[in-house]
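# Descriptive analysis of the structure
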Amino acid sequence: MAFQLIVLYNQPDNAAAFDKHYDETHAPLAARMPGVRSYSTMRPAATGGEQAPYHLVAVLTFDDQQAFEAAAASEEGKAAVADLANFAGKGVTLLTGPAGMVV
């Protein structure tokens, strides 16, 4: 069963600087993690005139939990985690678990 890492990035003080670092540095680091089957992002839109609680949501899918754990323990995984301090100063929430299928 596929396994996912979902990363919820809080709203940054400087969205342009966050986006530049994420797009040019962090995303390529995360994409190089071994075993990543798919990697997608979205920037939630404001609804009802209110800013979304998260600036960016990233979803990384792996073949299974073991593949995720190996990716997290890899040099690329460690580098991606260490890089969070360089741009995600307002914090992130990490969610992991089996990916369900909705038909």
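The residue numbers shown here count from 1 along each chain, following its written sequence. Given that the model is predicted, a residue must reach a pLDDT of at least 70 before its local features are reported, and side-chain atom pairs must reach 80 or more before they are shown or counted; all residues, however, enter totals for whole chains, interfaces and linings. The basis for the side-chain values is all heavy atoms of the structure; hydrogens and waters are excluded.

Below, the discussion takes up helix H1 (residues 15-31). We define the bend at each residue as the angle formed by axes fitted to the 7 residues ending at it and the 7 residues starting at it. Numbering of helices and strands runs from the N terminus, with a helix taken as a DSSP run of H or I at least four residues long and a strand as a DSSP run of E at least two residues long. Taken as a whole, H1 carries its principal kink of about 45 degrees at Tyr22. A 1.4 Å probe rolled over the protein chains alone gives each residue an accessible area, and that area as a share of the maximum for its type sets the label: buried under 20%, exposed over 50%, partly exposed in between. Of the residues making up H1, those classed as buried are Phe18, Asp19, His21, Tyr22, His26, Ala27, Leu29 and Ala30. Residues count as neighbours in contact if any of their non-hydrogen atoms are within 4.5 Å of one another. Packed against the buried residues of H1 are strand E1 (3-10), strand E2 (36-42), strand E3 (54-62) and helix H3 (75-83). Any N or O atom pair separated by 3.5 Å or less is treated as a polar contact, with the protein-specific requirement of one donor-capable and one acceptor-capable atom, and with residues adjacent in sequence counted only for side-chain atom pairs. N-capping of H1 is provided by Asn14, with a side-chain oxygen placed 3.2 Å from the backbone N of Ala16.

Taken in spatial order, the 4 strands make up an open sheet running E2-E3-E1-E4, and their pairing is antiparallel. Strands with a single pairing partner mark the edges of an open sheet, and in this sheet they are E2 and strand E4 (92-98). In this sheet, adjacent strand axes meet at a mean angle of 15 degrees when their direction is disregarded. Pairing between strands is defined by DSSP: at least two bridges between the two strands are required. As paired elements, E2 and E3 share 6 bridges and run antiparallel to each other. Bridge pairing in E3 places Thr41 opposite Ala58. This element, H1, spans E1, E2 and E3 of the sheet and lies at about 5 degrees to E3. Here the axes come from fitting lines to C-alpha atoms, over the contacting stretch only for helices, and the angles between their N-to-C directions go from 0 to 180 degrees.

Here we come to the packing of helix H2 (residues 65-73) against H3. With their axes 4 Å apart at the nearest point, H2 and H3 run at an angle of 70 degrees to one another. One way to sum up the angle between H2 and H3 is to call them roughly perpendicular. Contacts between H2 and H3 involve Ala71, Ala72 and Ala73 on the former and, on the latter, Glu75, Gly77 and Lys78. Each residue gets one of three labels, nonpolar for Ala, Val, Leu, Ile, Met, Phe, Trp, Tyr, Cys and Pro, charged for Asp, Glu, Lys and Arg, and polar for the others, Gly among them. Looking at the contact of H2 with H3, its residues break down into 3 nonpolar, 1 polar and 2 charged. An angle counts as roughly parallel when it lies under 35 degrees, as roughly antiparallel when it exceeds 145, as roughly perpendicular when it falls between 65 and 115, and as oblique in every other case.

From the geometry alone we can't say anything about function, so treat these as descriptive.
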